[in-house]
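Below are the chains, spelled out letter by letter.
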Amino acid sequence: MPQATRTKKPDVKVVILGDMNVGKTSLLHRYTERKFKDTISTVGGAFFLKQWGPYNISIWDTAGREQFHGLGSMYCRGAAAVILTYDVTNWQSLAELENRFLSLTDTANTDCIFAIVGNKADLTDTLAQGPDTESEQGDKPQSVVMCPTPPATPLQHKQVSREDAVALYGRVLRYKGLEEKACLPAERMCFETSAKTGYNVDVLFETLFDLVLPSILKKRSEGESSTVDLEMPMEVKRTKAGCCA
Ligand SMILES: Nc1nc2c(ncn2[C@@H]2O[C@H](COP(=O)(O)OP(=O)(O)OP(=O)(O)O)[C@@H](O)[C@H]2O)c(=O)[nH]1
Ligand SMILES: [Mg+2]
């Protein structure tokens, strides 16, 4: 296949869903640009393209605002993995995943992988508060004197526990009609992250990318053309921050 065609055709699609303000766009910025930067609420959706070894993975950011809800199932069509994102300081954002977002994944692949992600862990957890796990300043000197520093922002009440997320993962599998025992275990698929500090962000995306590799190989061996056409976003409004990393 000519190179130009290959770069336009992602091998696999990953979609990030969740209520507005949970930090979906910030997670993608952190992963693709190694930065935590200002965002505006996403309009429609946007995609990022990630080269993963010899493969191209499209990561679709979606709008959490209710007015764009109808677009969600379109974005999920043919997805190999869906990241269901909530804010650990906001119980309602977890409830919304089940109430509003789970049914959007009906259009995803039948063997779609699900991750449950509690973002903004830095607001509740001294571990995720820093130091940045993905420094933007390169390697730190080895001889750093560790001294206790107060958290940058006062800690907030954690409204969603890991157990709540694990329980949701179980309900997602049941909704999908999947046998829990035959699926990836919740301990592996529930993450707490911080787009602000970078805590667990690489682990999240790289775990998912490794897990979707069999889907890519299967698709390639079946000689299927890509299910994702990047011409489609012409219809899609993008975030101010842009997309297509
Ligand atoms: N403290 C903290 N703030 C965060 C984190 N992630 C995002 N935010 C902040 O939360 C707000 C919303 O972040 P976005 O990434 O725009 O949220 P979103 O889920 O993309 O929202 P929609 O596009 O409206 O669906 C912004 O003010 C971010 O700076 C995080 O990990 N920690
Ligand atoms: Mg957004």
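A quick note: this is a predicted structure, and the numbers were derived from the prediction, not measured.

A. Local environment of the environment of Leu-204. Counting through the fold element by element, Leu-204 comes out in helix H8 (residues 201-221). Of the residues examined, Leu-204 reaches a relative accessible area of 0% and is grouped as buried. Sequence-wise, Leu-204 and Ile-83 are 121 residues apart; in three dimensions their C-alpha atoms are separated by 9.2 Å. Not counting residues within four places of it along the chain, the set of residues in contact with Leu-204 comprises Ala-115, Val-117, Phe-191 and Thr-193.

B. Geometry of the pattern of salt bridges. Counting across every chain of the model gives 10 salt bridges. In this structure, Asp-19 and Arg-100 form a salt bridge, with 2.8 Å as the shortest nitrogen-oxygen distance. Of this pair, Asp-19 sits in the loop between strand S1 (12-18) and helix H2 (24-33) while Arg-100 is found in helix H4 (residues 91-101), placing the two residues 81 residues apart along the sequence. Take Asp-19 and Arg-100: they sit in the same class, and that class is buried. We note a salt bridge from Lys-158 to Glu-192, for which the minimum N-O separation is 2.9 Å. One end of the pair, Lys-158, is in the loop between helix H5 (126-129) and helix H6 (162-175); the other, Glu-192, is in strand S6 (residues 190-192), and 34 residues separate them in sequence. Look at the salt bridges and you will find they share partners, linking Asp-19, Glu-96 and Arg-100 into a network.

C. Inspection of the coordination of the magnesium ion (ligand 2) at higher detail. Looking at the magnesium ion (ligand 2), the protein donor atoms are Thr-25 (OG1) and Thr-42 (OG1), and they sit 2.0 to 2.1 Å from it. One end of the pair, Thr-25, is in helix H2; the other, Thr-42, is in the loop between H2 and strand S2 (45-52), with 17 residues separating them in the sequence.

D. The arrangement of the site of ligand 1 in detail. Within the structure, ligand 1 sits among 21 residues, and Lys-24, Ser-26, Thr-39, Ser-41 and Asp-122 are positioned closest to it. With respect to ligand 1, the backbone of Asn-21 contributes an N or O atom lying 2.9 Å from an oxygen atom. Taking Ser-26, its side chain carries an N or O atom lying 2.6 Å from an oxygen atom of ligand 1. Isolated, ligand 1 exposes 650 Å² of accessible area, and the fraction of that covered by the protein chains is 86%. Considering each element in turn, the shell around ligand 1 owes the most residues, 3 residues, to H2. Split by residue class, the shell around ligand 1 holds 6 nonpolar, 10 polar and 5 charged.

E. Seen up close, the packing of H4 against H6. Orientation of H4 relative to H6, taken along the N-to-C sense of each, is 5°, at an axis distance of 11 Å. Accordingly, the angle class assigned to the pair H4 and H6 is roughly parallel. Residues Trp-91, Leu-94, Leu-97 and Glu-98 of H4 lie in contact with H6, whose contacting residues are Asp-164, Leu-168 and Arg-171. Its residues assigned to classes, the contact of H4 with H6 comprises 4 nonpolar, no polar and 3 charged.

F. The sheet that holds strand S3 (residues 55-62), seen in detail. One open sheet holds the 6 strands; their spatial order is S2-S3-S1-S4-S5-S6, and the pairing between them is mixed. Edge positions in the sheet fall to S2 and S6, since each of these pairs with one other strand and no more. Here the strands of the sheet are splayed against their neighbours by 20° on average, with no regard to which way each runs. Sheet topology note: the strand S4 (residues 81-87)/strand S5 (residues 113-119) ladder contains 7 bridges and is parallel. Considered in S5, the bridge of Val-82 is made with Phe-114.

G. The pairing of S3, seen in detail. With 8 of its 8 residues buried, S3 lies for the most part within the structure. Covered by surrounding structure in S3 are Tyr-55, Ile-57, Ile-59 and Asp-61 together with Asn-56, Ser-58, Trp-60 and Thr-62, the residues of both alternating faces. As defined by bridge partners, S2 adjoins S3 across 8 bridges and the pair is classed as antiparallel. Bridging across to S3, Gly-45 finds its partner in Thr-62. What sits between S2 and S3 in their antiparallel hairpin is a turn of 2 residues, with Gly-53 showing a positive phi close to 60°.

Criteria and cut-off values
Residues numbered from 1 in each chain as written. Chains lettered and ligands numbered in written order. Predicted model: local features only at pLDDT ≥ 70, side-chain atom pairs only at ≥ 80, totals over all residues. Heavy atoms only, no water. Helix = DSSP H or I, 4+ residues; strand = E, 2+ residues; numbered from the N terminus. Buried < 20%, exposed > 50% of the residue type's maximum accessible area, 1.4 Å probe, protein only. Contact = heavy atoms within 4.5 Å. Salt bridge = Lys/Arg side-chain N within 4 Å of Asp/Glu carboxyl O. Donors = N, O, S within 2.8 Å, 3.2 Å for Na, K, Ca; no water. Near = heavy atom within 4 Å. Polar contact = N/O pair within 3.5 Å; in protein donor to acceptor, adjacent residues only side chain to side chain. Areas by Shrake-Rupley, 256 points an atom, 1.4 Å probe, with all protein chains shown as cover. Nonpolar A, V, L, I, M, F, W, Y, C, P; charged D, E, K, R; others polar. Axes fitted to C-alpha atoms, helices over the stretch in contact; angles between N-to-C directions. Parallel < 35°, antiparallel > 145°, perpendicular 65-115°, else oblique. Pairing = 2+ DSSP bridges.

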